[in-house]
Amino acid sequence: MVRPLGILAGVGFVAILLFSALVGAISFISEPPAPTAEHEFHKHPKELHLASNGPLGRFDRQQLQRGFQVYKEVCSACHSLHQVAFRDLTGIGFTDPEVKAIASQWAIEVPSVNPETGEPATRKALPADKFPDPYANEVAARAANNNALPPDLSLMTKARHDGAAYIHSLLTGYQEQPAELLKKFPDSKTGVGLHYNPYFANLNIAMPPPLVAEGQVTYADGTKATVDQMAQDVAAFLVWTAEPKLENRHRTGVAVLIFLLIATTLGFLAYRNVWSGVKHGSRT
Amino acid sequence: MSFPWAKHYEPQNPLMKWVDDRLPLPRLVYNAVGAGYPVPRNLNYFWNFGVLAGLALVIQIVTGIVLAMHFAANGLVAFNSVEHIMRDVNQGWLLRYAHANGASMFFIVVYLHIFRGLFYGSYKAPREMVWLLGLVIFLLMMATAFMGYVLPWGQMSFWGAKVITGLFGAIPLVGPTIQEWLLGGFAPDNAALNRFFSLHYLLPFVIAGVIILHIWALHIPGSSNPTGVEVKGPQDTVPFHPYYTAKDGFGAGVFLIIFSLLLFFAPNALGHPDNYIPANPLSTPAHIVPEWYFWPFYAILRAFTVDIFGIPAKLLGVIAMFGSIILLFFLPWLDNSPVRSGNYRPRFKQFFWILVIDVLILGYCGGAPAAEPYVMISQIAAAYYFAHFLIILPLLAKLERTLPLPNSITDSVLGTPNAAPSAPAH
């Protein structure tokens with residue numbers, strides 16, 4: 001009884017599916033999907049080599065500090081970093097007094113309460129505080145940015161495919177809209193308040209080019225602050241903000257693997273030892 | 001229940017004897033996974049995956065319990081509490097990555113375990129109950145994994161929850177009501193997050209319970225083996241301990257090495273970047289995809305694009321997706337070929353490998369955007385999936401000329417020629 005019913009159900013499913021495939025194929029041939037500007041002009045991120053790449057990658061702390069400087073002097077005007085605390089900066093090589101100074105001198109103060117009156121107030125940041133948001137709330141952020149919301153950057157390199165390379169390419173990818181694009185897709189002209197960037201998913205990003213001139217940031221370590229250099233440094237910094245335990249993970253992984261390789265080898269020898277004298281390899 | 005030549009538990013240690021006389025738990029363990037369980041001597045490495053699935057469940061439960069100590073199941077803070085685990089909890093990153101990748105490892109070994117069962121006919125009499133309980137475990141795993149993926153409350157968590165509960169919304173008349181009831185609201189929110197957390201904590205223990213039944217049912221006929229010929233005498237078996245404990249120990253080492261490579265060096269490779277964006281009900285991701293282990297079923301769901309006789313395509317897709325798993329419950333009766341092992345079924349073997357490739361294609365299409373040519377490919381692949389189980393296997397059982405079986409496991413191992421060629425299967 002099961003088999004005839006099964007065959008019947010099977011024929012039903014197969015018929016519906018093949019019919020659907022046929023309908024799909026006919027409509028695909030008769031009305032092929034129209035090409036879109038996004039599809040033809042979107043670019044994948046350029047390759048980016050960072051010290052933290054690869055299974056044994058380590059952070060280049062000098063670069064992370066430069067990247068932090070770019071975040072502090074450029075990005076932090078609009079972008080929050082609210083998963084990261086000032087105290088975490090010891091992880092990129094700042095000392096405790098330096099962290100304390102960075103926190104207390106941060107341009108934005110931390111929301112607080114006046115201890116006398118209970119009125120809302122602000123106070124200087126402490127190392128234990130997370131980086132304060134540049135805007136009081138989403139409405140304020142949108143109002144200041146042509147109705148676009150600058151996303152939090154804490155996890156940006158993990159929230160995009162090929163995150164660090166994406167950020168580097170995006171920051172250096174601003175350009176004039178290609179004439180070829182406009183010729184082919186006259187309706188796709190970049191709108192007012194938007195900026196053409198082929199690395200952005202829909203090609204038109206609300207963020208104006210943030211890194212525009214060499215020397216926009218003056219590096220303490222004497223590195224020449226080209227736009228490309230600043231973009232690389234801030235990408236490296238954002239790898240750290242997204243995955244501050246990366247080095248710890250790589251180190252632990254190597255130790256665990258060495259242990260497991262030895263243990264598994266011993267396990268294999270034990271297995272061979274136990275089974276010696278018992279023929280068990282099947283002919284099949 | 002066991003073979004008459006199974007070793008009997010004789011405690012040497014007076015304490016163990018004292019315990020065993022009052023509560024025969026040591027005896028139970030001895031007979032279940034100790035020297036008291038005789039196992040065919042010719043099992044190959046594909047028989048390692050049952051134990052490995054058990055190991056994966058233990059890893060999930062241990063890491064999960066500790067994660068639950070730090071996680072806050074509330075829509076306002078869930079996302080940040082996961083980041084708190086990643087940043088501020090001692091070894092929290094290890095726990096979370098182990099739990100997330102442990103789920104993937106669990107599914108990898110369970111899929112290999114299922115395909116081993118499919119190839120060697122492990123679902124056939126007298127082991128139907130083992131197969132059925134295994135499918136129950138698989139369904140519970142899918143529910144648990146789905147709800148677990150919702151907990152970090154990222155974009156894919158939210159939209160995944162919305163799409164999957166939306167499947168119940170396709171049921172005629174009562175669908176939308178059922179969806180609201182499941183979610184505790186009109187869209188995934190705090191009510192859904194809290195109940196998913198509660199159930200995500202409960203179901204693994206239900207799985208553990210069904211695993212006990214799965215092993216119990218297995219021990220009635222004993223383990224199957226690559227020849228598919230039943231055990232005939234003591235020379236065909238070895239005691240589970242030390243023979244298979246040693247082999248499973250080695251297997252566990254290999255499992256942990258692969259797990260570690262994933263966990264320590266590519267912990268986000270199998271995840272989706274969008275889940276590092278906090279859930280936002282007002283912003284739909286460009287492509288909503290579930291975790292990779294659901295991709296083949298997701299492809300079947302999306303393969304139905306045309307309404308048939310007034311039945312909406314969405315409902316057909318939901319029926320087919322659940323049907324693709326439900327039909328496995330009937331497999332022991334759909335495939336009634338008396339020969340178990342695919343090694344002695346030349347035609348079956350070819351169709352089996354087509355099925356493996358077919359499921360991989362479905363998986364690829366399920367992870368791809370819902371556009372041509374992926375939809376067309378998944379339609380053809382889904383058609384083969386149903387045809388394989390519902391049409392090809394029942395017919396094959398009638399039509400196939402099977403190869404002669406060895407007389408016994410021992411004969412097969414020692415290469416003794418067949419004393420008498422066995423009759424064709426039908």
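Residues numbered from 1 in each chain as written. Chains lettered and ligands numbered in written order. Predicted model: local features only at pLDDT ≥ 70, side-chain atom pairs only at ≥ 80, totals over all residues.

Side note on the overall build of chain A
A count of helical and extended segments in chain A gives 9 helices and 4 strands. Since a compact globule built from 284 residues should have a radius of gyration of about 19 Å, the 28 Å found for chain A marks it as more spread out than a globular shape. Here the C-alpha coordinates of chain A stretch approximately 80 × 65 × 50 Å along the principal axes. A burial count over chain A gives 28% of its 284 residues as buried. Taking the intrachain contacts of chain A between residues at least 6 apart in sequence as the baseline, contacts between residues at least 24 apart amount to 65%. (Helix = DSSP H or I, 4+ residues; strand = E, 2+ residues; numbered from the N terminus. Rg over C-alpha atoms; globule rule 2.2 N^0.38 Å. Buried ≥ 20, exposed ≤ 12 C-beta atoms within 10 Å, placed from the backbone. Contact = placed C-beta atoms within 7 Å.)

Comments concerning the overall build of chain B
Looking only at helices and strands, chain B has 16 helices and 2 strands in total. With the C-alpha coordinates aligned to their principal axes, the bounding extent of chain B is approximately 70 × 60 × 40 Å. Per-residue burial for chain B yields a buried fraction of 48% across its 426 residues. Sequence-distant contacts, at least 24 apart, represent 75% of the contacts inside chain B between residues at least 6 apart.

Re the pairing of strand β2 (residues 120–123) of chain A
All names here are of chain A. Sheet topology note: the strand β1 (residues 110–113)/β2 ladder contains 4 bridges and is antiparallel. By the bridge assignment, V110 is partnered in β2 with R123. Hairpin connection between β1 and β2: a loop of 6 residues separates the two successive antiparallel strands, and G118 in this loop has a positive phi of roughly 80°. (Pairing = 2+ DSSP bridges.)

Quick look at the interface of chain B and chain A
The partner chain A presents 52 residues to the 55 residues of chain B that form the contact. The set of elements that each furnish at least two residues to the side of chain B that touches chain A consists of α4 (78–87), α5 (92–119), α10 (240–265), α12 (313–329), α13 (331–334), α15 (374–399) and α16 (409–414) of chain B. Broken down by element, the residue count for the side of chain B that touches chain A peaks at 13 residues, all from α10 of chain B.

Topic: the domain arrangement of chain B
All names here are of chain B. Taken domain by domain, chain B comprises domain 1 (36–282) and domain 2 (289–400). For domain 1 versus domain 2, the distance between C-alpha centres works out to 22 Å. Across the boundary between the two partners, domain 1 contributes 27 residues, which contact 22 residues of domain 2. Elements that contribute at least two residues to the side of domain 1 that touches domain 2 include exactly α5, α6 (128–150) and α7 (155–168). Its residues assigned to classes, the side of domain 1 that touches domain 2 comprises 18 nonpolar, 7 polar and 2 charged. (Domains from an automatic or database assignment. Nonpolar A, V, L, I, M, F, W, Y, C, P; charged D, E, K, R; others polar.)

Side note on the packing of helix α9 (residues 246–275) of chain A against α10 of chain B
When two helices pack together, their arrangement is given by the angle between the helix axes and by the axis-to-axis distance. Interaxial distance between α9 of chain A and α10 of chain B falls to 8 Å at its minimum, and their mutual angle equals 160°. The angle between α9 of chain A and α10 of chain B places the two elements in the roughly antiparallel class. The handedness of the crossing between α9 of chain A and α10 of chain B is left-handed. (Axes fitted to C-alpha atoms, helices over the stretch in contact; angles between N-to-C directions. Parallel < 35°, antiparallel > 145°, perpendicular 65-115°, else oblique. Left-handed = near helix turned anticlockwise from the far one by under 90°.)

So, the nonpolar core
Counting residues in hydrophobic clusters, the biggest one holds 100 residues, and the most contacted among them are L52, A56, F106, V109, I300 and A382 of chain B. Looking at this core, the element that brings in the most residues is α15 of chain B, giving 14 residues. Lining this core are residues from two domains, each supplying at least three of them: domain 1 (36–282) and domain 2 (289–400) of chain B. Apart from residues lying up to four places away in sequence, L52 of chain B is in contact with V109, G251, A252 and F255 of chain B. Listed in part, the 43 residues of the second largest apolar core include Y199, V217, M230 and A236 of chain A. (Core = buried A, V, L, I, M, F, W, Y, C linked by C-beta atoms within 7 Å.)

Regarding the confidence of the model for chain B
Residues and elements named next belong to chain B. With 97% of its residues at a pLDDT of 70 or more, chain B shows a mean pLDDT of 94. Confidence over residues 419–426 falls short of pLDDT 50; this stretch has 12 contacts with residues more than four positions distant or in other chains. Interface predicted TM-score (ipTM) for the complex: 0.94; the corresponding pTM is 0.95. (pLDDT = per-residue confidence, 0-100.)

Details of unusual backbone geometry
At the junction of A125 of chain B and P126 of chain B, the peptide bond is cis and its omega measures out at 5° in the coordinates. Its place among the elements puts P126 of chain B in the loop between α5 and α6. Residue P242 of chain B is bonded to the preceding H241 of chain B through a cis peptide linkage, with omega at 5°. Located in the positive-phi region is N146 of chain A, a residue other than glycine, with phi close to 55°. Assignment of secondary structure puts N146 of chain A in the loop between α5 (138–144) and α6 (163–172). A residue is classified by how many C-beta atoms lie within 10 Å of it, and N146 of chain A, with 12 of them, is exposed. A positive phi angle, near 75°, is found at L203 of chain A, a position not held by glycine.

Notes on the packing of α5 of chain B against α10 of chain B
Residues and elements named next belong to chain B. The geometry of α5 relative to α10 is characterised by a closest axis approach of 10 Å and an angle of 135° between their N-to-C directions. Between α5 and α10, the interaxial angle falls into the category oblique. Judged by the twist between their axes, the crossing of α5 over α10 is right-handed. Across from Y97, A98, N101 and M105 in α5, the residues of α10 making contact are F259, L262 and L263. When grouped by side-chain class, the residues that make up the contact of α5 with α10 number 6 nonpolar, 1 polar and no charged.

Quick look at the environment of E109 of chain A
All names here are of chain A. Relative to the helices and strands, E109 is located in the loop between α4 (96–104) and β1. The spacing of E109 and A179 is 70 residues in sequence and 46 Å in space, taken between C-alpha atoms. Discounting residues that sit within four places of it in the chain, E109 has contacts with T122, R123, K124, A125 and P132.

Overview of the environment of H99 of chain B
Residue and element names in this part refer to chain B. With respect to the element layout, H99 can be found in helix α5. Note: C-alpha distance between H99 and G169 (70 residues apart in sequence) is 31 Å. Setting aside residues up to four positions removed in sequence, H99 forms contacts with Q60, T63, G64 and L67.

Let's talk about the environment of R87 of chain A
Residues and elements named next belong to chain A. Along the chain, R87 falls in the loop between α3 (61–73) and α4. Its 17 C-beta neighbours within 10 Å are what place R87 among the partly exposed residues. It is 8.1 Å that separates the C-alpha atoms of R87 and K100, two residues lying 13 residues apart in sequence. Beyond its immediate sequence surroundings of up to four residues, R87 is in contact with V99, P127 and A128.

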